[in-house]
Amino acid sequence: VLPPPNVTGALHIGHALTVAIEDAMIRWRRMSGYNALWVPGVDHAGIATQVVVEKKLMRERKLTRHDIGRDKFISEVLKWKDQYGGTILGQLRRLGASLDWSRECFTMDDQRSKAVTEAFVRLHKDGLIYRDYRLVNWDCTLLTAISDIEVDHLELKEETMLKVPGYSSPVQFGVLISFAYPLEEGLGEIIVATTRIETMLGDTAIAVHPEDKRYKHLHGKHAIHPFNGRKLKIICDAVLVDPTFGTGAVKITPAHDPNDFEVGKRHNLEFINIFTDDGKINSNGGAQFEGMARFAARVAVIDALKEKGLYKDTKKNEMNLGICSRSNDVVEPMIKPQWFVNCHTMAKAGLDAVRSKKIEIIPQQYEQDWYRWLENIRDWCVSRQLWWGHRVPAWYVTLEDEQLNDLGSNNDRWIVARNECDAMLEAQKKYPGKKFQLNQDPDVLDTWFSSGLFPLTVLGWPDDTADLRAFYPTSVLETGLDILFFWVARMVMMGMQLGGDVPFQKVYLHPMIRDAHGRKMSKSLGNVVDPLEVINGTTLEDLLKRLEEGNLDPNELSVAREGKKKDFPDGIAECGTDALRFALISYTSQSDKINLDIKRVVGYRQWCNKLWNAIRFAMGKLGDHYAPPATIVVSSMPPVCKWILSVLNKAIGKTVTSLEAYKFADATSAIYSWWQYQLCDVFIEAVKPYFFNDSQEFDSARAACRDALWVCLDNGLRLLHPFMPYVTEELWQRLPQPKDSCRKTSIMISEYPSVVKEWADDKLESEFGIILDTVNKLRSLKPPTDTNERRPAFALCRGEDIAATVQCYQSLVVSLSSVSSLKILAESDETPPDCSTAVVNKDLSVYLQLQGALNAEVELEKLRKKRDEIQKLQHALSQKMEASGYREKAPPSVQEEDMRKLTAFFEQLRVIGEAEKKLDA
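Residues numbered from 1 in each chain as written. Predicted model: local features only at pLDDT ≥ 70, side-chain atom pairs only at ≥ 80, totals over all residues. Heavy atoms only, no water.

1. Notes on the domain arrangement of the chain
Logical step 1: According to the domain assignment, the chain contains domain 1 (1-106), domain 2 (175-317) and domain 3 (595-760).
Logical step 2: Placing a centre on the C-alpha atoms of domain 1 and another on those of domain 3 gives a separation of 38 Å.
Logical step 3: Taking both partners together, domain 1 and domain 3 bury about 1,300 Å²; carbon and sulfur atoms supply 72% of that area.
Logical step 4: On the domain 1 side of the contact with domain 3, Arg 27, Trp 28 and Met 31 bury the most area, a combined 55% of that side's loss.
Logical step 5: Linking domain 1 with domain 3 are zero salt bridges.
Logical step 6: Across the contact surface, domain 1 and domain 3 share four residue pairs in polar contact (both at pLDDT 80 or more).
Logical step 7: Contributing elements (two or more residues each) for the side of domain 1 that touches domain 3: α1 (13-31) and α5 (87-94). (Domains from an automatic or database assignment. Buried area = accessible area lost by both parts, 1.4 Å probe. Salt bridge = Lys/Arg side-chain N within 4 Å of Asp/Glu carboxyl O. Polar contact = N/O pair within 3.5 Å; in protein donor to acceptor, adjacent residues only side chain to side chain. Helix = DSSP H or I, 4+ residues; strand = E, 2+ residues; numbered from the N terminus.)

Right, dumping it as structure tokens:
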């Protein structure tokens, strides 16, 4: 399944990476003959979508959702969804995503909504969904509980003043405030410390660490609240897990920590909520503070404590501050009645699935994160106080003599059912002969609840569909490592519980994308990259204009503008989809984060041009009437044709094994190296003489070169297709096909290349390795000023075998290294004067006659560098061979190979020494 993007969202670079990897996988499998399905879907994105539409209502009509009511608000959201919901699907198409669009789904369409209700009802029936008062992350701006993933944690090292929505002045955080509570009976005072001084208005008790000897004698006594006279019980037998306070005393309040709540339950403490839903102090907090916003009350409480002489001091304090990623408001921990999923038995099944390898996590390093999270899982709050989303399928029973305003106050009165009719029948059974009223819970379900069902629901669950039977469990889930727990773990838990099996057999986690400097991408830094801007290209002016259209504040806008100017002074060059996809996949070797440099994408765009030119050359050489043969007879081909097919074979093998191992960067590297360094740089250059010479003696060689060239282009394009779909389709359509074959209508349904045993020729590859090293060494000897001048070259061969190899490929060396001639010398021959020299290996050195252009100093410096390089390698190998245990533990074959290498190093140093003597002379 495609991880469903937000329905109203726009594509970001993370989506582009997801599409590049998943589309490469599905195209490869489809071409390899599999029944390959990739299902598209979009997520209704509860909070994200509701926030966008609420802002639009306020901006355009100065109305809140409460002003227009639930039904009208939902119709506004649907209008917005219809207007913008197709944007992201269009962008997915631009990225070349070969999804099965006929199966496109939306997490709130009828089928998916029915499935969500069914899941909730079944989990409730199994005792895995329950309603309870628990501590939740509450957003005072959005007026809802939010999930952990929507909370960003801000690490504060010291006192920090932060802007908080709804407050005109910055608010102080990162401090620990100490104050005293007076004790009853004139026993003195007890000092407590807190990072949230305003919550003391709801304190009901004080917990003292059992090892704190100062206060141990006060167990069971009471302190007196200075603002409301409430008695606070002192408890000395419960350790609170909060290292901030060491072994001191800690106030117990409902808005501090879940552990306080457990302590409170054990001691039968009354928990007092002092906040209204929008974060103001209510009547429980005391008359003098009632109606104050929570952070205004923070200042007022300190002032009031100072007046009473109870304030002690303020110290800087490292802390983690929870911020809602949607509203930027500070998260308020509140005790609220909510629906929860008991995750413990499902988490155990998820742990066992990975341990038993029913599910494989790739890269394997993330298995430990999986175990750590699922072993320490907490129950999942799935209700949200929103209007956009799947309404909780639960109805509250109010008996005729009760007040409706107590809705939800009694957890036993809830009826969970598929619809109101079923709820009515259930209520009649539960309360026979009684009159009652049913009211559906106004809350909706966490978006992750419906996303967690995605592999089941896209295939038609809960119905027994052909798709479900054929494709569940799915083969692989590919996604970002940042949602391993929030999405992947929940799919595993719900899939196993409701679908009876794991939802996928493999999980591939891609790295997170950062900018070229390694910084996280954020709108406020101005370093966010829109993939369409890379595909289409854009000017700096347009980049800056888009920043101004966003909702950054003036300071953030200024920083973002400078960031854009620095990173993209000339804008972004048009790169196209293929180059972007290939670059992103080639980056995946960086395991946990990708530092994206657009220059690398531009480089691949230029490489696409090179592919185009290679095909254009080939089409010209194949001719208008060329028809590829049905079979290729390799044995009768010239050596260069045999060689290119042998290395093509290696590239195919490496690509396929890399894809099978989910090593996508290795696959792109194998393909790129073959196209660039073997086909374009060597083979196409090597066969040009056959086509520029019309002599009849070259007819058979020319024909073989045509066939080899066609085989290379046909296989090479199909090999590359999953990574670069557009350019490969365009070019492959231009290639002639064998006469009697049934031509496929598209490259994407042609067959993926596979290894051909008959093409493999290791001996020939080894010979070509020496020849290409020779060519590279001769090229390196040419002075930079020599652009077109061809000079005579010499090859000094120490032995008959190497002389025979060079002799065999003499004309190829001359052609590829652009020298005027190549003379083969034996060891007894005198090397010519005025030559620049290079060592190919212990048996072969090459010379280029510079005739007056020789600079002895420069040549000696080159040789010195080469000597240093070989000496380092020789030293490292000697140390390895002299290490204790080497002779006993290293296999004989390894020892033989090491000795061969060491001998070769000594021989190369001897050759360099001789060359230095000649230059000195």
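2. Here's the deal with the sheet that holds strand β3 (residues 129-139)
Logical step 1: The sheet built from four strands is open, its strands ordered β4-β3-β16-β18 with antiparallel pairing. Both outer strands of the open sheet, β4 (144-146) and β18 (380-381), are each paired with one neighbouring strand and no more.
Logical step 2: One ladder, built from two bridges, connects strand β16 (residues 332-341) with β18; its direction is antiparallel. Its bridge partner being in β18, Phe 340 is matched across the sheet by Cys 381. (Pairing = 2+ DSSP bridges.)

3. Quick notes on the packing of helix α25 (residues 762-781) against helix α27 (residues 810-817)
Logical step 1: One way to put it is that α25 packs onto α27 with a least axis distance of 9 Å and a crossing angle of 40 degrees. Like other packed secondary-structure pairs, α25 and α27 cross with a definite hand, here right-handed. For the pair α25 and α27, contact is made by Phe 768, Ile 771, Leu 772, Thr 774, Val 775, Leu 778 and Arg 779 and by Leu 812, Val 813, Leu 816 and Ser 817, respectively.
Logical step 2: In the contact of α25 with α27, the residues fall into eight nonpolar, two polar and one charged. (Axes fitted to C-alpha atoms, helices over the stretch in contact; angles between N-to-C directions. Left-handed = near helix turned anticlockwise from the far one by under 90°. Contact = heavy atoms within 4.5 Å. Nonpolar A, V, L, I, M, F, W, Y, C, P; charged D, E, K, R; others polar.)

4. Details of the packing of aromatic side chains
The relative placement of two aromatic rings is captured by the distance of their centres and the angle of their planes.
Logical step 1: Counted according to the given criterion, the structure contains 26 aromatic pairs.
Logical step 2: Consider the rings of Trp 80 and Tyr 84, whose centres lie 4.2 Å apart with planes at 45 degrees: the pair is tilted. You can see Trp 80 and its partner Tyr 84 sitting in helix α4 (residues 70-84), four residues apart, about one turn around the helix.
Logical step 3: Judged by its relative accessible area of 13%, Trp 80 is buried.
Logical step 4: Between Trp 339 and Trp 414, the aromatic rings sit 5.6 Å apart at their centres with planes inclined by 70 degrees, giving edge-to-face as the arrangement. Taken as a pair, Trp 339 in strand β16 and Trp 414 in strand β21 (residues 414-416) lie far apart in primary sequence, 75 residues in all.
Logical step 5: Classification of Trp 414 by relative accessible area gives buried; the value is 8%.
Logical step 6: Following the ring pairs from residue to residue traces out a cluster consisting of Phe 120, Trp 339, Trp 380, Tyr 396, Trp 414 and Phe 449.
Logical step 7: Sitting over the ring of Trp 380, Arg 490 keeps its end group 4.1 Å from the ring centre. (Phe/Tyr/Trp six-rings, centres within 6.5 Å; stacked < 30°, edge-to-face > 60°. Buried < 20%, exposed > 50% of the residue type's maximum accessible area, 1.4 Å probe, protein only. Lys NZ or Arg CZ within 6 Å of the ring centre and 35° of its normal.)

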